[in-house]
Amino acid sequence: MIPVKVRSVEIGTGKPKICVSNIGITKAEILTLTKKYINLPMDIMEWRVDWYEDVSDIEKVIETAKEIRDLLGNIPFLFTFRTSKEGGNYQLPNREYRDLNIFVAQSGYVDIVDVEIFTGDEIVVEMIDKIHAAGVKVIASNHDFDKTPAQSDIVYRLRKMQDMGADILKIAVMPQCKKDVITLLAATEEMVTNFAIQPVITMSMSATGSVSRLAGEYFGSALTFGAGEAASAPGQISADQLNKILTIIHQSL
């Protein structure tokens, strides 16, 4: 696996990196949370722009992204519009979703853009190509809030992301039982051991899947999401607690 370096953070080596999601609604709230989060044990901050009240106004999105960038300093900045079909707070037509991701990447204010891999192959390839042309990394993602797919299907989805040129591969699934968590962890190990060229991020959601957010270094997941003032997905653990546990695990290896 080839690590991905974003500013001074290397994703894919050592202790899994911690990303905290900012789900503020107003610009003032988003900036206030950013100021608080820079004091957390956070390697990357994600702006979940689907929560932003002015998300449909690209100029306001870019203006806010600039102010976030100024506050973050050298902390990597992940830009994510999570569609409602994958658990997000808003839905945009595919072309507007494409334009938003491309224009924000071209602004120069963000370091990584999240691209939902099942948006449609043609649009996804265009987004990845243009985001890369802007000098920005891509996390390809897929979120299944209904179930945990079969191990082979999870590996297939991750391989598809890699084949389409993403820098980092991410999948989150919903467990219906404890065995589903084992399926997700086994798929992670299979992908990382046999196929991955790029770093992989996997998680099993909800309280049942919380262990998957802690066991990344054992099974191969390179990053995990910690909660700031509010969780952006079910089963997230506070960034402070997460850092302590990940450090204990890392020191035991």
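Engineer: Describe the nonpolar core, listing the residues and the values that go with them.
Structural biologist: Counting residues in hydrophobic clusters, the biggest one holds 60 residues, and the most contacted among them are Trp47, Val49, Phe79 and Leu100. Ranked by size, the runner-up nonpolar core spans 18 residues in total, among them Cys19, Ile112, Met174 and Met205.

Engineer: Which residues make up helix H9 (residues 239-252), and what values do they have?
Structural biologist: The end-to-end C-alpha distance of H9 is 20 Å, a good match for the 20 Å that 14 residues give at a rise of 1.5 Å each. Within the span of H9, buried status applies to Ala239, Leu242, Leu246 and Ile249. What you see down the axis of H9 is that its buried residues fit within an arc of 95 degrees, all on one side. Away from the buried face of H9 by more than 90 degrees, exposed residues Lys244, Ile248 and Gln251 are located. On its buried side, H9 packs onto strand E3 (17-22), helix H7 (210-214), helix H8 (216-219), strand E10 (223-227) and strand E11 (237-238).

Engineer: So what's going on with the side chain of Asn142? Which residues, and what values?
Structural biologist: Secondary-structure assignment places Asn142 in strand E7 (residues 137-144). With a relative accessible area of 5%, Asn142 lands in the buried category.

Engineer: Give me the environment of Ile58: which residues, what numbers.
Structural biologist: Inspection of the secondary structure assignment puts Ile58 in helix H2 (residues 58-72). Its relative accessible area of 26% is what places Ile58 among the partly exposed residues. Taking the C-alpha atoms as reference points, Ile58 and Val104, separated by 46 residues in sequence, lie 8.1 Å from one another. Discounting chain neighbours no more than four positions away, the residues touching Ile58 are Asp99, Leu100 and Phe103.

What counts as what
Residues numbered from 1 in each chain as written. Predicted model: local features only at pLDDT ≥ 70, side-chain atom pairs only at ≥ 80, totals over all residues. Heavy atoms only, no water. Core = buried A, V, L, I, M, F, W, Y, C linked by side-chain atoms within 4.5 Å. Buried < 20%, exposed > 50% of the residue type's maximum accessible area, 1.4 Å probe, protein only. Helix = DSSP H or I, 4+ residues; strand = E, 2+ residues; numbered from the N terminus. Expected span 1.5 Å × (residues − 1). Arc of directions from axis to C-beta. Contact = heavy atoms within 4.5 Å.

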